[in-house]
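Residue-level structure breakdown
Now for the letters of each chain:
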Amino acid sequence: RSGPLWSIGATYRPGPRVTLDVAFNHQFDTEFFTYSGTYNVSPRTSLSFSHTESVETTQQLLARRQPILGPDGIFRDPVTLLPVDPFVGPTGLQDDTLLQKVWNLTGTSTSGRNSYTINLNRTETEVERTRQITTQMGVVLSYSRRLTRHLNGSLSANYRMTDTENGIGTVAVPIPGVSSATADGSSTQILLNGSLGCTLTPETTLN
């Protein structure tokens, strides 16, 4: 793929608690809208939603989803900000162009030393070369607690359903963050994750 990429949009703040962003995008020969918003229910509770589309390679997608280390010393997904295992990643990647649409709805709340998160998500990924389409829907519940000044713990449960439709009769291509498949079909997964993070010094964290 080649050609110009551009985006034009606006931010609207109808009140001190609400922020809305809308953009019209052009990537190569594809045009689409993206949007996101945040509603601060209270100083400690917020709701956010987003819809994004992108055209990228498998390597770009994998690099963009590398875990980040949060201020609480816990590795998190850069998109959902939910706890993840930084040592587990997709394998068997092929050099393909992916057309991806992502919807997210997230609620977060903090009470004392406790933090709660619920995330509803849907991802549609199409491999341009084979027209294979993978649809993934999931619900993630996350809880974290500051146990001591230097020690943080977190628990999360992820329920997701994956449906794969192969294109032009080819074998399914592994997609970053999506379960691989070799034929049309669906799968259901329940993932449980627990982690501890200890801040040894301002520059050093043990997880």
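Every chain is numbered independently, its residues counted from 1 as its sequence is written. Residues qualify for local features only when their pLDDT is at least 70, as the model is predicted, and side-chain atom pairs are given and counted only at 80 or more; totals for whole chains, interfaces and linings, by contrast, use all residues. In computing side-chain values, all of the structure's heavy atoms are included and hydrogens and water are not.

**Quick notes on the pattern of salt bridges**
What counts as a salt bridge is simple: a side-chain nitrogen of Lys or Arg found within 4 Å of a carboxyl oxygen of Asp or Glu. Scanning the model with the defined rule gives 2 salt bridges in all. Between Arg122 and Glu124 there is a salt bridge, and its shortest N-O distance comes to 2.8 Å. Three labels apply to residues, based on accessible area from a 1.4 Å probe with only protein chains included: buried if under 20% of the type maximum, exposed if over 50%, partly exposed otherwise in between. For Arg122, a relative accessible area of 29% translates into the label partly exposed. Take Glu124: its relative accessible area is 23%, and that puts it in the partly exposed class. Note that Glu126 and Arg131 form a salt bridge whose closest N and O atoms lie 2.9 Å from each other. Residue Arg131 is classed as partly exposed on the basis of its relative accessible area, which comes to 43%.

**Thoughts on the sheet that holds strand S4 (residues 45-57)**
Strand order in this open sheet of 10 strands is S1-S2-S3-S4-S7-S8-S9-S10-S11-S12, and the pairing throughout is antiparallel. The two strands at the open ends of the sheet, each matched to only one other strand, are strand S1 (5-15) and strand S12 (204-206). In this sheet, neighbouring strand axes are inclined to one another by 20° on average, regardless of whether the strands run parallel or antiparallel. Between any two strands, at least two bridges found by DSSP are needed for them to pair. Secondary structure follows DSSP: runs of H or I at least 4 residues long count as helices, runs of E at least 2 residues long count as strands, and numbering of each begins at the N terminus. Comment: axis = line fitted to C-alpha atoms, over the contacting stretch for helices; angle = value between 0 and 180 degrees taken between N-to-C directions.

**Things to note about the confidence of the model for the protein**
Each residue carries a pLDDT value, the predictor's own confidence for that position, ranging from 0 to 100. Averaged over all residues, the pLDDT of the protein equals 81, while 76% of them reach at least 70. Contacts: residue pairs with any heavy atoms within 4.5 Å of one another. Confidence drops under a pLDDT of 50 for residues 169-183, and excluding neighbours within four residues, the segment shows 42 contacts in the predicted structure.

**Quick look at the pairing of strand S10 (residues 151-165)**
Relative to S10, strand S9 (residues 133-146) runs antiparallel, the two sharing 14 bridges. Within S10, the position partnered with Ser144 by the bridge is Ser154. Direction of pairing for S10 relative to strand S11 (residues 185-201): antiparallel, over a ladder of 14 bridges. Within the sheet, the bridge partner assigned to Thr162 lies in S11 and is Ser187.

**Digging into the environment of Gln132**
Following the sequence through the fold, Gln132 ends up in the loop between strand S8 (114-127) and S9. Of the residues examined, Gln132 reaches a relative accessible area of 2% and is grouped as buried. Along the backbone, Gln132 and Leu98 are 34 residues apart, and their C-alpha atoms lie at a distance of 9.8 Å.

**Section: the environment of Thr117**
Tracing the sequence through the fold places Thr117 in strand S8. Put simply, Thr117 and Ser46 are 71 residues apart on the chain and 9.8 Å apart in space, counted from C-alpha to C-alpha.

**Focus: the side chain of Gln100**
Mapped onto the fold, Gln100 is located in strand S7 (residues 97-111). Looking at Gln100, the relative accessible area reads 6%, which means it is buried. A polar contact of 3.0 Å, which involves the side chain of Gln100, links it to the side chain of Thr125. Each polar contact in these results corresponds to two N or O atoms within 3.5 Å; when the atoms are within protein, one needs to be able to donate a hydrogen and the other to accept it, and residues that are neighboring in sequence are counted only if both atoms are side-chain atoms.

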